[in-house]
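# Structure assessment
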Amino acid sequence: MRVVVAPDKFKGSASAAQVAAAIAAGLRRARPDLDVVEMPVADGGDGTVAAALAAGFAPVRTTAEGPTAEPVRATFALKAGTAVVELADVAGLRRLPGARPAPLTASTYGVGQVIAAALDRGATTIVLGIGGSATTDGGAGMVQALGVRLADERGRDLPRGGAALRDLAAVDPAGMDRRIAGARLLVASDVDNKLLGTAGAAAVFGPQKGASPADVALLDGALARWSALTASVTGLDLAAAPGAGAAGGTGFAAMAYLGARLVPGADLVLDLIGFDAALTGARLVITGEGSLDRQSLGGKAPVGVARAAARHGVPVAVVAGRILLTARELAAAGFAAAYSLADLEPDPAVSIAAAAELLERVGGQVALGPLVASVT
């Protein structure tokens, strides 16, 4: 009997690969006869490159600017002309020195540098996961790194960061890396926010990145200027496009300047790692994430896994650190069984520290449980 173990990370506790390994160990210990396949997944945020590497992509390391211009060593994944780039690995919150927020000055410049590095390695398709950003610069830094010149009214190059866009006077795309026109850009994102306004990049996500109410107002105005000048130069008015506000407006610049298409993150990653092929002959799928809640229903990895498995008629069990959904919601999302680490260890701190051990125990419970018995 084949079982596919395809979890996302348990944030702050275990990577997707570690979660898969622990659950698989429990399954094999309880039922040595099971054919267990470990397939870590992601939804476009942290762990997207790791999922690609686990699926056979090769790691490529490069140096780029972090969100506040300090050099960072970033890794992208490469296979047969497709590169997987993770914004969080370059300009994510974890890349902020000392974890100090920089809502006005954080930049996506390094993301553009990594895209250029992928093009240098012959990539013709670039998958960009944009979850977990520390930035609200509308993707301006990203396109600056790829050759678009942004200048103030005196003709000086614009500094990095979203706040600098309030002084933007001219956009010159003539220097854009010509290879972009021949590449296919896919952005993995489940965010449908517009760029501007009360549901925009600054208002919704800025406070999560350390922006005060005054900062939010400043950034929203700066992004409005960026949007208006972009429309005048490209002829594309995309400020109201769903997803334009993703990753502090990186979705906007990706669409306007890189010709990118925004795709639901979990679906894109599952396609990238060959998940449908892994389901051939499978009798059960086990997925999971740290917290299974209402936000998960918006397109997080476990729900994407459940949808894909349903198309093949394969039942799905879900494992989470905590489960905040009702039985009806779990069933509607496609989960035939659900297991919470909180049932084994109610203290969250202890559960996080002992996640691997608890996940292995849950793997054993699944192996000996009624769901496996029903499909054996």
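What counts as what
- Residues numbered from 1 in each chain as written.
- Predicted model: local features only at pLDDT ≥ 70, side-chain atom pairs only at ≥ 80, totals over all residues.
- Heavy atoms only, no water.
- Pairing = 2+ DSSP bridges.
- Helix = DSSP H or I, 4+ residues; strand = E, 2+ residues; numbered from the N terminus.
- Axes fitted to C-alpha atoms, helices over the stretch in contact; angles between N-to-C directions.
- Contact = heavy atoms within 4.5 Å.
- Buried < 20%, exposed > 50% of the residue type's maximum accessible area, 1.4 Å probe, protein only.
- Salt bridge = Lys/Arg side-chain N within 4 Å of Asp/Glu carboxyl O.
- 1 Å grid on protein atoms, 1.4 Å probe; cavity = no way out; pocket = protein on both sides within 12 Å on 5 of 7 lines; lining within 4 Å.
- Points joined across faces, edges and corners; volume = space filled by probe spheres on them.
- Nonpolar A, V, L, I, M, F, W, Y, C, P; charged D, E, K, R; others polar.
- Phe/Tyr/Trp six-rings, centres within 6.5 Å; stacked < 30°, edge-to-face > 60°.
- Expected span 1.5 Å × (residues − 1).

### Digging into the sheet that holds strand 3 (residues 58-65)
Within the open sheet, the six strands sit side by side as 3-4-5-6-9-10. Their pairing is mixed. Sheet topology places strand 3 and strand 10 (261-263) at the edges, where each strand pairs with a single neighbour. On average, each strand axis in the sheet is inclined to that of its neighbour by 30°, with strand direction left out of account. As paired strands, strand 4 (residues 71-79) and strand 5 (residues 82-86) are joined by three bridges and run antiparallel to one another. Considered in strand 5, the bridge of A77 is made with V84. Sheet strands touched by helix 9 (residues 265-272): strand 5, strand 6 (125-129), strand 9 (184-188) and strand 10. Its angle to strand 9, the strand with the most contacts, is close to 125°.

### As for the environment of W226
Following the sequence through the fold, W226 ends up in helix 7 (residues 213-234). The exposure class assigned to W226 is buried, which follows from its relative accessible area of 0%. Spatially, the C-alpha atoms of W226 and R166 are 7.8 Å apart, while their sequence positions differ by 60 residues. Setting aside residues no more than four positions away along its own chain, W226 makes contact with D137, G138, A140, V143, L150, L165, L168, V171, F252, A253 and Y257.

### Quick look at the pattern of salt bridges
Inspection of the entire model under this criterion finds 15 salt bridges. Of the charged contacts in the structure, one is a salt bridge between R160 and E65, with a shortest N-O distance of 3.1 Å. You can see R160 sitting in the loop between strand 7 (149-151) and strand 8 (170-172) and its partner E65 sitting in strand 3, a full 95 residues away along the chain. A salt bridge links R149 to D157, with the shortest nitrogen-to-oxygen separation between them at 2.6 Å. The exposure class assigned to R149 is partly exposed, which follows from its relative accessible area of 40%. In this structure D157 comes out as exposed when scored by relative accessible area, which is 54%. A network of salt bridges, in which partner residues are shared, links D89, R94 and R95.

### With respect to empty space enclosed by the protein
Taken as a whole, this structure holds one cavity of 30 Å³ or more when the rule is applied. The space that makes up the largest cavity amounts to roughly 40 Å³. If you trace the largest cavity, you find it lined by S107, D137, A140, G141, Q144, L150, L158, P159, R160, G161 and L165. With three residues, helix 5 (residues 140-145) is the single largest residue contributor to the lining of the largest cavity. When its residues are assigned to classes, the lining of the largest cavity shows five nonpolar, four polar and two charged.

### Brief notes about the packing of aromatic side chains
Per the counting criterion, the structure on display carries two aromatic pairs. Measuring from centroid to centroid gives 6.2 Å for W226 and F252, while their planes differ by 70°, and the two rings are edge-to-face. Separated by 26 residues along the polypeptide, W226 in helix 7 and F252 in helix 8 (residues 246-258) bring together distant segments of the chain. Like F252, W226 is buried.

### Let's talk about helix 14 (residues 355-368)
Residues three or four positions apart in an α-helix share a direction because the helix packs 3.6 residues into each turn. Look at helix 14: 20 Å from first C-alpha to last across 14 residues, which is about the 20 Å you get at 1.5 Å a residue. When we look at burial in helix 14, the residues that qualify are A355, L358, L359, V362, G363, G364, V366 and A367. Turning to helix 14, the residues buried within the fold contact helix 1 (16-30), strand 11 (282-292), strand 12 (316-323), strand 13 (337-340), helix 13 (348-353) and helix 15 (370-375).

### Considering unusual backbone geometry
Trans is the prevailing form of peptide bonds, just as negative phi is the prevailing case for residues other than glycine. Here A80, not a glycine, exhibits a phi torsion of approximately 50°, which is positive. As for its placement among the helices and strands, A80 is situated in the loop between strand 4 and strand 5. Look at A80 and you get exposed, because its relative accessible area is 82%. Located in the positive-phi region is A247, a residue other than glycine, with phi close to 55°. Summarising the element assignment, A247 is placed in helix 8. The class for A247 is buried, based on a relative accessible area of 10%.

Function cannot be inferred from these measures alone, as they are strictly geometric.
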